[in-house]
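Secondary and tertiary structure notes
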Amino acid sequence: MRNFQTLDEARVDSASESMVISLSAADDDQPRLAVRREGAYVTLSASYGPLEIAMRPRYDDLMRAITRLTAAEGPLTTRQVGTSHAYLALGLHKDGSLLLRLTIVADATGHLSINLRLTESIRQQLYDWLGVSAFNGRDAQATSV
């Protein structure tokens, strides 16, 4: 059974040009997600205490996956960015929350994942910060030409 930890607070750190998403009642050992644009890539760092999974998907691939999400009932991830060995699975819940499942696959014997859920308001803040609506317009224009 997948257990998703809900994150409900976001702040932009202008010094590191990143967005940090966490629990509003968080201490140092609680889960958090740090997101940063690095040129053609987006750096994602999901941590829970001393455990961290970091990924660096291409911005265009991540935006394409996000803009093609459709709302589903339950803890479903319907899109994936990355490779078969390291990937970010994404899902949009009917309540507007965003499911993020950062996974590292060891081999056929197992994997390690951090399962996060962003509330609807935090999802919207992340979308705005990443420029999802601007990308969606650009992507739609490129496919119609």
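As a convention, each chain's residues are numbered from 1 in the sequence order in which they are written. With the structure being a predicted model, the display of local features is reserved for residues of pLDDT at least 70 and the display and counting of side-chain atom pairs for 80 or more, all residues being used for whole-chain, interface and lining totals. Note: side-chain values were computed over all heavy atoms of the structure, leaving out hydrogens and water.

**Observations regarding the overall build of the protein**
Under the convention used in this document: Only DSSP runs of H or I with at least four residues qualify as helices, and only runs of E with at least two residues qualify as strands; both kinds are numbered from the N terminus onward. When we talk radius of gyration, it's over C-alpha atoms, and the globule rule is simply 2.2 Å times the number of residues to the 0.38. A simple rule labels every residue: compare its accessible area, found with a 1.4 Å probe on the protein chains alone, to the largest value its type can have, and call it buried under 20%, exposed over 50%, or partly exposed in between. The criterion used for residue contact is that any of the two residues' heavy atoms lie within 4.5 Å. Note on areas: these come from Shrake-Rupley sampling with a 1.4 Å probe, and a residue is covered only by the protein chains present in the view.
Summing up its helical and strand segments, the protein has 3 helices and 11 strands in all. Computed over C-alpha atoms, the radius of gyration of the protein comes to 15 Å, within 12% of the 15 Å expected from 2.2 N^0.38 for 145 residues, which places it in the range of a compact globule. In terms of principal-axis extent, the alpha carbons of the protein reach across some 45 × 40 × 30 Å. By the burial criterion, 39% of the 145 residues in the protein qualify as buried. Across the protein, the fraction of contacts at a sequence separation of at least 24, relative to all contacts at a separation of at least 6, is 38%. Surface summary for the protein: the accessible area is close to 7900 Å², and the carbon and sulfur share equals 49%.

**Examining the pattern of salt bridges**
Two side chains carrying opposite charge are able to pair once their charged atoms lie near each other. Basically, it comes down to this: We define a salt bridge as a side-chain nitrogen of Lys or Arg found within 4 Å of a carboxyl oxygen belonging to Asp or Glu.
Applying the stated rule across the entire model yields 2 salt bridges. As a salt-bridge pair, R64 and D61 come within 3.7 Å of each other at their nearest N and O atoms. Of the two residues, R64 and D61 are both situated in helix α1 (residues 59–67); the distance of 3 residues between them amounts to about one turn of the helix.

**Section: the packing of aromatic side chains**
For clarity, the threshold we go by: Two rings from Phe, Tyr or Trp (for Trp, the six-membered ring) form a pair when their centres sit within 6.5 Å of each other. Planes less than 30 degrees apart are called stacked, planes more than 60 degrees apart edge-to-face, and all others tilted. Criterion for a charge above a ring: Arg CZ or Lys NZ at most 6 Å from the ring centre, at most 35 degrees from the ring normal.
Using the criterion set out here, one finds 1 aromatic pair in the structure. Directly above the aromatic system of Y59 lies the positively charged group of R37, at a separation of 3.6 Å from the ring centroid. Between the NZ or CZ atom of R56 and the centre of the ring of Y41, over which it lies, the distance is 4.2 Å.

**Considering the pairing of strand β4 (residues 31–38)**
Inclusion rule: A pair of strands is labelled paired if DSSP reports no fewer than 2 bridges between them.
Where strand β3 (residues 18–22) lies against β4, 5 bridges are found, and the strand directions are antiparallel. Within the sheet, the bridge partner assigned to V20 lies in β4 and is A34. In terms of strand pairing, β4 meets strand β5 (residues 41–48) through 8 bridges, oriented antiparallel. The residue of β5 that forms the bridge with R37 is V42. The antiparallel hairpin formed by β4 and β5 contains 2 residues in its connecting segment, where G39 sits at a positive phi of about 65°.

**Describing a nonpolar patch on the surface**
What counts here: Nonpolar side chains (Val, Leu, Ile, Met, Phe, Trp, Tyr) are joined into patches within 5 Å and like charges within 9 Å, using only residues with over 30% relative accessible area and no salt bridge.
On the surface, a cluster of nonpolar side chains totalling about 320 Å² of accessible area is made up of Y48, L51, I104 and L112. Looking at the element boundaries, L112 is found in strand β11 (residues 110–118). By relative accessible area, L112 is classed as partly exposed at 40%.

Keep in mind that these numbers describe shape and distance, not what the molecule does.
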